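Tertiary structure, described
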Amino acid sequence: MAVAAPLSPEHLAIVKATAPVLKEHGVAITSLFYKNMIAAHPELKNIFSLSNQSSGAQPRSLAAAVFAYASYVDDLGKLGHLVERIAHKHESLNVQPDQYPIVGKHLIEAVAAVLGDACTPEIGEAWTAAYAALADIFINREQQLYAAHKNWPGWRRFKIQRKVPETSQITSFYLVPEDGAPLPTFLPGQYISLQVFIPQMGHMQPRQYSLSEAPRADYYRISVKKEKGQDTGVPGLISNKLHDEYKEGDVLELSAPAGEFFVDPKSEEDGPIALISAGVGLTPMISILNNAVSTGSKRRISWVHAAHTSERRAFSDHVRDAAANNKLNATFFVTSPQQQDVQGVDYHFTGRMDLSKVDPKADLFLDDARAEYYICGPYPFMKDMEKHLVDAGVSEERVHLEVFGTGDQ
């Protein structure tokens, strides 16, 4: 694929000037884009989550990303974290360079269709050039990511070796490669993409799940919550299928580990780490914690977690054992303590997580400018925790969010 020419000053000016229009009509544009593109290229159904399509989450997310690009097209450094997150997601889904022209064609056509006469030839030309430039950025970054996993192109077959319930809602799947070859390492906190065939749809559907164990050469572990749909109104298609239909010995297809949310064990950083999570958002934190313990890391670790009840909190005993062995400080919030729960053991605070209740030094390391903060859970939860930390003087660069689903909102 030819490399796109740099955007001209005229194109930059037009793209920035049309940002407000994209914000106003963004969801209409991206909804039409997805509808037309998937109708013309049904093979792309294997890449996109149709649950996110039907809920409107995918069009909203793309609209937000397009608006961000238009707003910062002359200062793309401000979008570095977003570009990196999307590139890793694309790598995990095996997105290829020859698919970018398909996306570009249908996106520009959707812009023209929604804006009508307001989409002048100059605007169409500017946005065509802007898309080509952005596509080059993603293609180049994704090729670097693919090169790091050159021995694992695309999807690889894994067998479910063990299926272990952690709570009434969360089950761990121990996955071993069918070919028996040693597994490549990954960075604690990263995820894999998993795809399964959906008979009623007639095609594959992918999902991302955090790896919930320290890197090992013999198996990967994911811990999946059975999403019943109380919060979203849409039951989790893949999570329910994994819980209800897949058995030990069954085969799943995985892509190589990916993701920009991680703690690098080889880093020379020695500042403390605060792991802050809610619900099943603890899964990447368990990977980070287990790796730190197994490698003898000297970094201080704080574990702050919120759950509806102690019974629905996975890995409780594991975390308490680590705390008892002075590997970390652990603080538990529960919304609804049960009659048998003991405060100070099964939980420390009731209600939603409130970081103002925890020790600012022992649990949040607010007195240490080297501290790093890793947050995972529902998006509003993460933004609330991030705001508390930033308001307390923590720089945004030291706060890391693991955004599941469709990305930044």
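In this text the structure is predicted, and so the values were computed from the model without any measurement.

Within the protein one finds eleven helices and twelve strands. The globule rule puts the C-alpha radius of gyration for 409 residues at 22 Å, and the 22 Å found for the protein is close to it. For the protein, the C-alpha atoms occupy an extent of roughly 70 × 50 × 40 Å along the three principal directions. The buried share of the protein, reckoned over its 409 residues, is 50%. Sequence separation of at least 24 residues holds for 74% of the intrachain contacts in the protein that already meet a minimum separation of 6. Carbon and sulfur atoms make up 53% of the accessible area of the protein, which amounts to about 19100 Å² in all. Mean positive and mean negative side-chain charge positions of the protein (39 and 49 charges, respectively) differ by 5 Å.

Our next topic: the sheet that holds strand β11 (residues 372–376). Spatially, the six strands line up as an open sheet ordered β10-β9-β8-β7-β11-β12, and their pairing is parallel. Both outer strands of the open sheet, β10 (349–350) and β12 (399–402), are each paired with one neighbouring strand and no more. Pairing geometry for strand β8 (residues 301–307) and strand β9 (residues 329–334), over six bridges, is parallel. Within the sheet, the bridge partner assigned to Ala306 lies in β9 and is Phe333.

For the rest of this paragraph, the subject is the packing of helix α1 (residues 9–17) against helix α7 (residues 121–148). Contact geometry of α1 with α7 gives a least axis separation of 9 Å together with a crossing angle of 100 degrees. Comparing the axis directions of α1 and α7 gives the class roughly perpendicular. Here His11, Ile14 and Val15 of α1 come into contact with α7, specifically with Glu122, Ile123, Glu125, Ala126, Trp127, Ala129 and Ala130. Residues of the contact of α1 with α7, tallied by class, amount to seven nonpolar, one polar and two charged.

Right, let's talk about the confidence of the model for the protein for a bit. Residues of the protein with pLDDT of at least 70 account for 96%, and the chain-wide mean is 92. For residues 230–234, every residue scores under 50 in pLDDT, and the model assigns this stretch one contact once sequence neighbours within four places are set aside.

The next subject is the nonpolar core. Membership of the largest hydrophobic core comes to 41 residues, with the highest contact counts inside it found for Leu7, Val15, Met37, Phe48, Tyr69, Tyr100 and Trp127. Every element with two or more residues in this core is listed here: α2 (19–40), α4 (57–71), α5 (80–92), α6 (100–115) and α7. The element best represented in this core is α7, accounting for 13 residues. The residues contacting Val15, other than those within four sequence positions of it, are Ala70, Val73, Ala126, Trp127 and Ala130. Judged by nonpolar contacts, the second largest core, of 23 residues, contains Val304, Ala306, Phe365 and Val403.

Okay, the pattern of salt bridges next. Two side chains with opposite charge may pair up if their charged atoms get near one another. In the structure shown here, the tally under the stated rule is 18 salt bridges. Between Arg85 and Glu260 there is a salt bridge whose closest N-O contact spans 3.0 Å. In this pair, Arg85 sits in helix α5 while Glu260 sits in the loop between β6 (251–254) and β7 (273–278), placing the two residues 175 residues apart along the sequence. Assessed through its relative accessible area of 23%, Glu260 is described here as partly exposed. As a salt-bridge pair, Arg320 and Asp346 come within 4.0 Å of each other at their nearest N and O atoms. One end of the pair, Arg320, is in helix α10 (residues 316–324); the other, Asp346, is in the loop between β9 and β10, and 26 residues separate them in sequence.

Counted according to the given criterion, the structure contains ten aromatic pairs. With a centroid separation of 5.3 Å and 75 degrees between ring planes, the pair formed by Tyr34 and Phe48 is classed as edge-to-face. Placement of Tyr34 in helix α2 and of Phe48 in the loop between α2 and α3 (50–55) is noted, with a sequence separation of 14 residues between them. Each member of the pair, Tyr34 as well as Phe48, carries the same accessibility label: buried. Taken together, the aromatic side chains of Trp152, Phe158, Phe186 and Tyr220 make up a single cluster linked through ring pairs. Sitting over the face of the ring of Tyr174, Arg162 holds its NZ or CZ atom 4.0 Å from the ring centroid. Taking the ring centre of Phe332 as reference, the NZ or CZ of Arg313 above it sits at 4.0 Å.

Moving on, we get to the sheet that holds strand β2 (residues 170–177). Within the open sheet, the six strands sit side by side as β4-β3-β6-β1-β2-β5. Their pairing is antiparallel. If you trace the sheet from one side to the other, it starts and ends with β4 (203–210) and β5 (220–225), each paired once. Averaged over all adjacent pairs, the angle separating strand axes in this sheet is 40 degrees, with direction ignored. Docked against the sheet, helix α8 (residues 237–244) engages β1 (156–165), β2, β3 (191–198), β4, β5 and β6, running at close to 80 degrees with respect to β3.

Another aspect to go through is the pairing of β7. The element β7 is extensively covered by neighbouring structure, given that six of its six residues are classed as buried. The two faces of β7 match: Ile273, Leu275 and Ser277 on one face and Ala274, Ile276 and Ala278 on the other face are all buried. Inspection of the sheet shows β7 paired to β8 by six bridges, in the parallel sense. When the sheet's bridge partners are listed, Ile273 is paired in β8 with Ile301. Handedness of the crossover joining β7 and β8 through helix α9 (residues 283–294): right-handed.

The rules we used
- Residues numbered from 1 in each chain as written.
- Predicted model: local features only at pLDDT ≥ 70, side-chain atom pairs only at ≥ 80, totals over all residues.
- Heavy atoms only, no water.
- Helix = DSSP H or I, 4+ residues; strand = E, 2+ residues; numbered from the N terminus.
- Rg over C-alpha atoms; globule rule 2.2 N^0.38 Å.
- Buried < 20%, exposed > 50% of the residue type's maximum accessible area, 1.4 Å probe, protein only.
- Contact = heavy atoms within 4.5 Å.
- Areas by Shrake-Rupley, 256 points an atom, 1.4 Å probe, with all protein chains shown as cover.
- Lys, Arg positive; Asp, Glu negative; His and termini not counted.
- Charge placed at Lys NZ, Arg CZ, Asp CG, Glu CD.
- Pairing = 2+ DSSP bridges.
- Axes fitted to C-alpha atoms, helices over the stretch in contact; angles between N-to-C directions.
- Parallel < 35°, antiparallel > 145°, perpendicular 65-115°, else oblique.
- Nonpolar A, V, L, I, M, F, W, Y, C, P; charged D, E, K, R; others polar.
- pLDDT = per-residue confidence, 0-100.
- Core = buried A, V, L, I, M, F, W, Y, C linked by side-chain atoms within 4.5 Å.
- Salt bridge = Lys/Arg side-chain N within 4 Å of Asp/Glu carboxyl O.
- Phe/Tyr/Trp six-rings, centres within 6.5 Å; stacked < 30°, edge-to-face > 60°.
- Lys NZ or Arg CZ within 6 Å of the ring centre and 35° of its normal.
- Right-handed = clockwise from strand over helix to strand, strands pointing away.

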